[in-house]
Amino acid sequence: PPPPPPPSPLLRYNERAGPLIIERETPISAVVNGNQRSGMSALSKGVDLAIAKAKASKMAIVGTHNTYTSTGMLAYYAEQIGKADLIAVVMAQSPEFVAPLGGRKGVFGTNPLCVAVPGPKEGPLILDMATAAITLFGAITAKANGTQLPPGVAVDSEGNPTRDPAAALAGAFLTFGGHKGSGLSLIVELLGGVLPGGTPPGGPVSKKESKNWANTIIAIDPSLLSNTAEFKRKVRAVCAHVKSTGPSVKLPGEIEKGHLKRNLAAGKLDVSSALLERIREVAAVRRAPRSRL
């Protein structure tokens, strides 16, 4: 049979990557140079540094740069900070997938922003949101599943509205909420990307070509402004009050926590056959045993 297609550049392992390098370190800050490793490895190291520094100094800011892949969902990292009884703000830059309001060309990444607040007994309250109207992996998954995108989230390479995920990936996504989402995406681009050393958009080399994406992590000890235990109690009380206002009210992250709980209880994760086959194609390139998939 013919060999399987190579994996997406977004999933490919970089065999020339070097070890992580810690730069510009102070008691409350650091920059993790990913040295062309995956975004996940650099951001994981950044989270560890942010927690340790915030525990010692009450506040920390850590950046990452020089990574060539997405970090995946930011909630995973922010949750670790929240579980340490710290407030987390995590931002991520990515290649030029998203057009600003009124634009027809990608400038921003999907540029997610994630905030974790300790307090709820079931785990930190987590808001994890892309500033784009759809996430990159939402479009990739739709393409793999052969489904359409929601209306109003993307344009094709000619700037025309499209629901075709392949056309959207060749064109640009849109930001959510008009000028508000576009403005917030710009802020994440600057603070989550440019500040820690990621490639800025509009330069001679694109973010995708340079393989230099960035993240910023902020960790804050609530005891700077409040008694931590009392703050957590108030967070629980406010969340309970919000939920009490209507039977359909959902807190940020509540739906995802429900999915996680059900999947762990079932001991399996349901995915479409098309997506599973794409995972197997990628795994075959890395020679993973098919029986394990």
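Since we're looking at a predicted model, the values are computed, not measured.

Visitor: Describe the overall build of the protein chain, with residues and values.
Guide: Helices and strands together make up the secondary structure of the protein chain, namely 9 helices and 10 strands. Expected size for 293 residues packed as a compact globule is a radius of gyration near 19 Å; at 20 Å, the protein chain falls within 12% of this value. Here the C-alpha coordinates of the protein chain stretch approximately 60 × 50 × 50 Å along the principal axes. The proportion of buried residues among the 293 residues of the protein chain is 39%. Considering only residue pairs separated by 6 or more positions, the protein chain has 62% of its internal contacts joining residues 24 or more positions apart. Carbon and sulfur atoms form 61% of the exposed surface of the protein chain, whose accessible area is close to 15900 Å².

Visitor: Go over the pattern of salt bridges, please, and point to the residues and values.
Guide: Within this structure, the stated rule accounts for 7 salt bridges. Notably, a salt bridge pairs K53 with E25, separated by 3.0 Å at the nearest N-O pair. Within this pair, whereas K53 is found in helix α1 (residues 39–57), its partner E25 is found in strand β1 (residues 21–26), the two being separated by 28 residues in sequence. Of the residues examined, K53 reaches a relative accessible area of 10% and is grouped as buried. Take E25: its relative accessible area is 49%, and that puts it in the partly exposed class. For D85, the salt bridge goes to K232, with nearest N and O atoms at 2.9 Å. Of this pair, D85 sits in the loop between α2 (75–83) and β4 (87–92) while K232 sits in helix α7 (residues 228–244), and the two are 147 residues apart along the sequence. Judged by its relative accessible area of 27%, D85 falls in the partly exposed class.

Visitor: Lay out the pairing of β1 with the relevant residues and their values.
Guide: Examined bridge by bridge, β1 and strand β2 (residues 29–33) share 4 bridges and lie antiparallel to one another. Considered in β2, the bridge of I22 is made with V32. Between the antiparallel neighbours β1 and β2 lie 2 residues.

Visitor: Describe unusual backbone geometry, naming the residues involved and giving the relevant values.
Guide: Backbone geometry places N66, a non-glycine residue, at a positive phi of 65°. The topology assignment puts N66 in strand β3 (residues 59–67). Judged by relative accessible area, which is 17%, N66 ranks as buried. Located in the positive-phi region is N111, a residue other than glycine, with phi close to 40°. Counting through the fold element by element, N111 comes out in the loop between β5 (98–99) and β6 (113–117).

Visitor: Break down the sheet that holds β6 for me, with residues and values.
Guide: As a general point, the strands of a sheet are linked pairwise by backbone hydrogen bonds and lie either parallel or antiparallel. Here 7 strands make up an open sheet; going across it, the order is β1-β2-β3-β10-β4-β6-β7 and the pairing mixed. The two strands at the open ends of the sheet, each matched to only one other strand, are β1 and β7 (125–129). Here the average twist between neighbouring strands, direction ignored, is 10°. The sheet strands contacting α1 are β1, β2, β3 and β10 (213–220), and the helix crosses β3 at an angle near 165°.

Visitor: Describe the packing of α1 against α2, naming the residues involved and giving the relevant values.
Guide: The contact between α1 and α2 brings their axes to 10 Å, and the two run at 15°. The orientation of α1 relative to α2 falls into the category roughly parallel. Seen from above, α1 lies across α2 with right-handed handedness. Residue-level inspection shows M40, L43, S44, V47 and I51 of α1 in contact with α2, the latter providing Y77, Q80 and I81.

Visitor: Give me the nonpolar core: which residues, what numbers.
Guide: Judged by nonpolar contacts, the single largest core of 26 residues is most densely connected at L74, I81, L86, C114 and I217. Going through the elements one at a time, β2, α1, β3, α2, β4, β6 and β10 are the ones with two or more residues in this core. The biggest single contributor to this core is α1, with 7 residues. Other than its neighbours up to four places away in sequence, I217 contacts L43, G46, V47, A50, A60, I61, V62, I81, V89 and V90. Counting residues in each nonpolar core, the second largest holds 13 residues, with F97, A132, L149 and F173 among its members.

Visitor: Please set out helix α5 (residues 179–194) residue by residue, giving values where relevant.
Guide: Helix length check: α5, at 16 residues, gives a terminal C-alpha distance of 21 Å against a target of 22 Å (1.5 Å per residue), a fit within 8%. Of all the positions in α5, only G181, S182, S185, V188, E189, G192 and G193 are classed as buried. Down the axis of α5, the buried set is contained in an arc of 120°. They therefore lie on one face. Turned more than 90 degrees off the buried face of α5, the exposed positions are H179 and K180.

Rules used in this analysis
- Residues numbered from 1 in each chain as written.
- Predicted model: local features only at pLDDT ≥ 70, side-chain atom pairs only at ≥ 80, totals over all residues.
- Heavy atoms only, no water.
- Helix = DSSP H or I, 4+ residues; strand = E, 2+ residues; numbered from the N terminus.
- Rg over C-alpha atoms; globule rule 2.2 N^0.38 Å.
- Buried < 20%, exposed > 50% of the residue type's maximum accessible area, 1.4 Å probe, protein only.
- Contact = heavy atoms within 4.5 Å.
- Areas by Shrake-Rupley, 256 points an atom, 1.4 Å probe, with all protein chains shown as cover.
- Salt bridge = Lys/Arg side-chain N within 4 Å of Asp/Glu carboxyl O.
- Pairing = 2+ DSSP bridges.
- Axes fitted to C-alpha atoms, helices over the stretch in contact; angles between N-to-C directions.
- Parallel < 35°, antiparallel > 145°, perpendicular 65-115°, else oblique.
- Left-handed = near helix turned anticlockwise from the far one by under 90°.
- Core = buried A, V, L, I, M, F, W, Y, C linked by side-chain atoms within 4.5 Å.
- Expected span 1.5 Å × (residues − 1).
- Arc of directions from axis to C-beta.

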